[in-house]
Amino acid sequence: MNTALKRIIFFGLVIAFWEAGSRFGLWTEVVLPSPTSVFDSLVTGVSDRTLIIDLIASFKRLLVGLGIALLIGTGIGVLLAKSKTADETLGSVLLALQSVPSIVWLPLAIMWFGLNEKSVIFVVILGGTFVMALNIRMGIKNVSPLYLKAAQTMGSRGLDLFIRVIFPASIPYVVTGSRLAWAFAWRALMAGELLSTGPGLGYTLRYASDFGDMSLVIAVMIIIGVVGAIVDQLIFQRVEKSVMKRWGLES
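Residues numbered from 1 in each chain as written. Predicted model: local features only at pLDDT ≥ 70, side-chain atom pairs only at ≥ 80, totals over all residues. Heavy atoms only, no water.

J.: Could you give an account of the side chain of Asp 87, with specific residues and numbers?
T.: Positionally, Asp 87 belongs in helix α4 (residues 84-98). On the accessibility criterion, Asp 87 (17% relative accessible area) is buried. Excluding residues that lie within four positions of it along the chain, Asp 87 makes contacts with Leu 80, Ser 92, Arg 137 and Lys 141. (Helix = DSSP H or I, 4+ residues; strand = E, 2+ residues; numbered from the N terminus. Buried < 20%, exposed > 50% of the residue type's maximum accessible area, 1.4 Å probe, protein only. Contact = heavy atoms within 4.5 Å.)

J.: Before we move on, could you go through the nonpolar core and cite the residues and values that matter?
T.: Burial of nonpolar side chains together is a common tendency in soluble globular proteins. Counting residues in hydrophobic clusters, the biggest one holds 34 residues, and the most contacted among them are Leu 62, Trp 182, Trp 186, Leu 189, Leu 201 and Val 220. Elements represented by at least two residues in this core include exactly α3 (50-82), α6 (117-141), α8 (158-169), α9 (171-193), α10 (201-210) and α11 (214-246). Leu 62 has contacts with Gly 67, Val 124, Trp 182, Ala 185, Trp 186 and Leu 189, leaving out every residue within four places of it along the chain. Grouped together as the second largest cluster of nonpolar side chains are 14 residues, Leu 94, Phe 122, Val 123 and Leu 126 included. (Core = buried A, V, L, I, M, F, W, Y, C linked by side-chain atoms within 4.5 Å.)

J.: Got a sec to walk through the packing of helix α1 (residues 2-23) against helix α2 (residues 35-47)? Specific residues and values, please.
T.: The N-to-C vectors of α1 and α2 enclose an angle of 105°; their axes lie 8 Å apart at closest approach. When the axes of α1 and α2 are compared, the pair comes out roughly perpendicular. Two secondary-structure elements touch here, α1 through Ile 15, Trp 18, Glu 19, Ser 22 and Arg 23 and α2 through Pro 35, Thr 36 and Val 38. By residue class, the composition of the contact of α1 with α2 is 4 nonpolar, 2 polar and 2 charged. (Axes fitted to C-alpha atoms, helices over the stretch in contact; angles between N-to-C directions. Parallel < 35°, antiparallel > 145°, perpendicular 65-115°, else oblique. Nonpolar A, V, L, I, M, F, W, Y, C, P; charged D, E, K, R; others polar.)

J.: Lay out a nonpolar patch on the surface in plain terms, naming residues and giving numbers.
T.: On the surface, Ile 222, Val 226, Ile 230, Leu 234, Ile 235 and Val 239 cluster together into a nonpolar patch covering about 480 Å² of accessible area. Taking relative accessible area as the criterion, Ile 235 reaches 44% and is therefore assigned partly exposed. (Patch = residues over 30% accessible without salt bridge, like charges linked within 9 Å, V, L, I, M, F, W, Y side chains within 5 Å. Areas by Shrake-Rupley, 256 points an atom, 1.4 Å probe, with all protein chains shown as cover. Salt bridge = Lys/Arg side-chain N within 4 Å of Asp/Glu carboxyl O.)

J.: Summarise the environment of Phe 17; cite the residues concerned and give the values.
T.: Here Phe 17 is to be found in helix α1. Note on Phe 17: relative accessible area 55%, which makes it exposed. Counting along the chain gives 197 residues from Phe 17 to Met 214, while the straight-line C-alpha distance between them is 19 Å.

J.: Run through the side chain of Arg 61, naming residues and quoting values.
T.: Summarising the element assignment, Arg 61 is placed in helix α3. Side chain to side chain, Arg 61 and Glu 193 meet in a polar contact 2.5 Å long. Setting aside chain neighbours within four positions, we find Arg 61 in contact with Glu 117, Val 120, Ile 121, Leu 189, Glu 193, Gly 198, Pro 199 and Gly 200. (Polar contact = N/O pair within 3.5 Å; in protein donor to acceptor, adjacent residues only side chain to side chain.)

In structure tokens:
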């Protein structure tokens with residue numbers, strides 16, 4: 001309750017200063033629209049269902065892209081952890097590619113797939129795959145040797161050892177990797193939708209910017225930030241904390 005109260009007071013003060021600055025002319029509406037104008041744009045976008053349609057379209061792309069990214073990332077991560085040759089070759093490439101922003105892949109995606117849904121989903125997949133793969137690799141490599149020796153003493157080998165010991169022991173890294181993959185995929189989606197044909201939050205953001213509707217630009221930015229924070233805190237943070245406690249990594 002104390003944390004929630006502090007946040008309410010903080011954001012209340014920020015909005016009050018923002019509104020006062022707009023009313024007293026510290027900046028123009030073109031540079032930074034007032035909270036009132038932004039709220040009006042939000043209400044209009046929700047009432048005519050424009051922003052709702054955009055949000056649904058964005059989440060459809062995200063679910064497809066993130067789902068594929070988690071599957072591919074998990075497979076690559078297992079390969080890197082179990083094969084020294086793959087780790088020394090493909091692993092180094094992955095480390096380099098992780099530092100490349102997802103938006104950089106968009107021109108190539110457009111050349112390969114055209115300016116359509118496939119290009120955006122491709123960028124989303126790349127946004128989540130690399131970080132998921134590296135976390136899976138780290139999780140498997142960090143499994144305690146004591147667990148492995150104990151299981152091997154009891155006759156567990158190969159796939160049975162992986163299913164019963166290695167993968168369950170690396171679950172905290174799987175959860176953390178999924179959380180990071182979601183964050184990277186969400187950012188990649190917004191970047192990809194800036195050049196999409198719509199609908200989508202990123203498309204509406206670019207459309208509003210092209211026509212100088214800065215209040216709608218700020219409104220979409222707020223939606224993107226709020227959705228990201230809600231999903232992260234209400235879903236991934238809770239799952240991560242629960243897993244950490246269950247695995248004895250957090251009191």
